[in-house]
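# A look at the structure
Single-letter residue listing:
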Amino acid sequence: MKLSTRGRYATRAMLDLALNYGQQEPVVLSAIAERQQISEQYLEQLISPLKIAGLVRSVRGPNGGFLLAKPPSLIRISHIIRAVEGSIALVECIDDPQTCSRADDCLTRGVWLKATEAINNVFSSITLQDLMDKKAEEMLPSGSMRSI
């Protein structure tokens with residue numbers, strides 16, 4: 001299983017917004033795109049589901065842009081991944097056993113269920129604040145930070 005660029009880039013964009021959390025000025029997509037080396041057009045596609053999920057909010061006008069809708073400590077990686085990717089289940093029958101006629105008798109379904117639960121537990125246990133705290137620990141002596 002591989003996490004798609006949607007999930008990875010959305011997480012990077014959300015962390016970028018988190019690093020700017022608490023400032024009065026919204027962050028423009030072009031600034032996030034430049035810092036994160038993500039196409040602005042692709043970033044626009046990722047922002048919409050994040051807004052729908054209530055993770056970001058937009059500010060219109062000449063000083064407009066985007067802000068986190070909640071504090072970084074309340075936004076889990078699982079929220080971001082689900083907003084842009086959908087279910088984190090490894091196989092379809094985990095979310096909907098009706099999709100497979102063998103779900104009730106499948107000997108491997110339990111393995112996929114445990115693996116899905118483990119991934120969900122990891123993604124649910126990490127918040128943007130956790131990543132920011134880790135980032136602060138990784139400050140280089142010169143005061144510059146490694147890229148996210």
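Presented here is an overview of the structure given in this document. The structure presented is a predicted model; accordingly, all values stated were derived computationally and were not measured.

Conventions we followed
Residues numbered from 1 in each chain as written. Predicted model: local features only at pLDDT ≥ 70, side-chain atom pairs only at ≥ 80, totals over all residues. Heavy atoms only, no water. Helix = DSSP H or I, 4+ residues; strand = E, 2+ residues; numbered from the N terminus. Contact = heavy atoms within 4.5 Å. Areas by Shrake-Rupley, 256 points an atom, 1.4 Å probe, with all protein chains shown as cover. Lys, Arg positive; Asp, Glu negative; His and termini not counted. Charge placed at Lys NZ, Arg CZ, Asp CG, Glu CD. Core = buried A, V, L, I, M, F, W, Y, C linked by side-chain atoms within 4.5 Å. Buried < 20%, exposed > 50% of the residue type's maximum accessible area, 1.4 Å probe, protein only. Phe/Tyr/Trp six-rings, centres within 6.5 Å; stacked < 30°, edge-to-face > 60°. Pairing = 2+ DSSP bridges.

A count of helices and strands for the protein chain gives 7 helices and 2 strands. Ordered by position from N to C terminus, the α and β elements of the protein chain give α-α-α-β-β-α-α-α-α. A principal-axis box enclosing the C-alpha atoms of the protein chain has dimensions of 55 × 40 × 25 Å. Partitioning the intrachain contacts of the protein chain with sequence separation of at least 6 by distance along the chain shows that 62% fall at a separation of at least 24. Carbon together with sulfur atoms contributes 51% to the accessible area of the protein chain, which is approximately 9100 Å² in total. Computing the positive centroid from 17 side-chain charges and the negative centroid from 16, the protein chain places the two 2 Å apart.

So, about the nonpolar core. Membership of the largest hydrophobic core comes to 28 residues, with the highest contact counts inside it found for Met-14, Leu-17, Leu-43, Leu-50, Ile-80 and Leu-128. Mapped onto this core, the elements with two or more residues apiece are helix 1 (5-19), helix 2 (29-36), helix 3 (40-52), strand 2 (65-68), helix 4 (77-85) and helix 7 (128-137). What Met-14 contacts, discounting residues up to four positions off in sequence, is Leu-50, Leu-55, Val-56, Leu-68, Ile-75, Ile-80 and Leu-128.

Before going further, it helps to spend a moment on the side chain of Ser-78. Structurally, Ser-78 is set in helix 4. The buried category is assigned to Ser-78, whose relative accessible area is 2%. Discounting chain neighbours no more than four positions away, the residues touching Ser-78 are Ile-88, Phe-123 and Ser-124.

This paragraph deals with the packing of aromatic side chains. In total, this model carries 1 aromatic pair according to the counting rule given. Centre to centre, the rings of Tyr-9 and Tyr-42 are 5.7 Å apart; their planes meet at 85°, and the pair counts as edge-to-face. Here the residue Tyr-9 occupies a position in helix 1, and Tyr-42 occupies one in helix 3, the gap between them amounting to 33 residues.

Here we take up the pairing of strand 1 (residues 56-59). Sheet topology places strand 1 next to strand 2; 4 bridges connect them, and they run antiparallel. Paired with Val-59 across the bridge in strand 2 is Gly-65. Linking strand 1 back to strand 2 in an antiparallel pair, the connection comprises 5 residues, with Gly-61 at a positive phi of about 110°.

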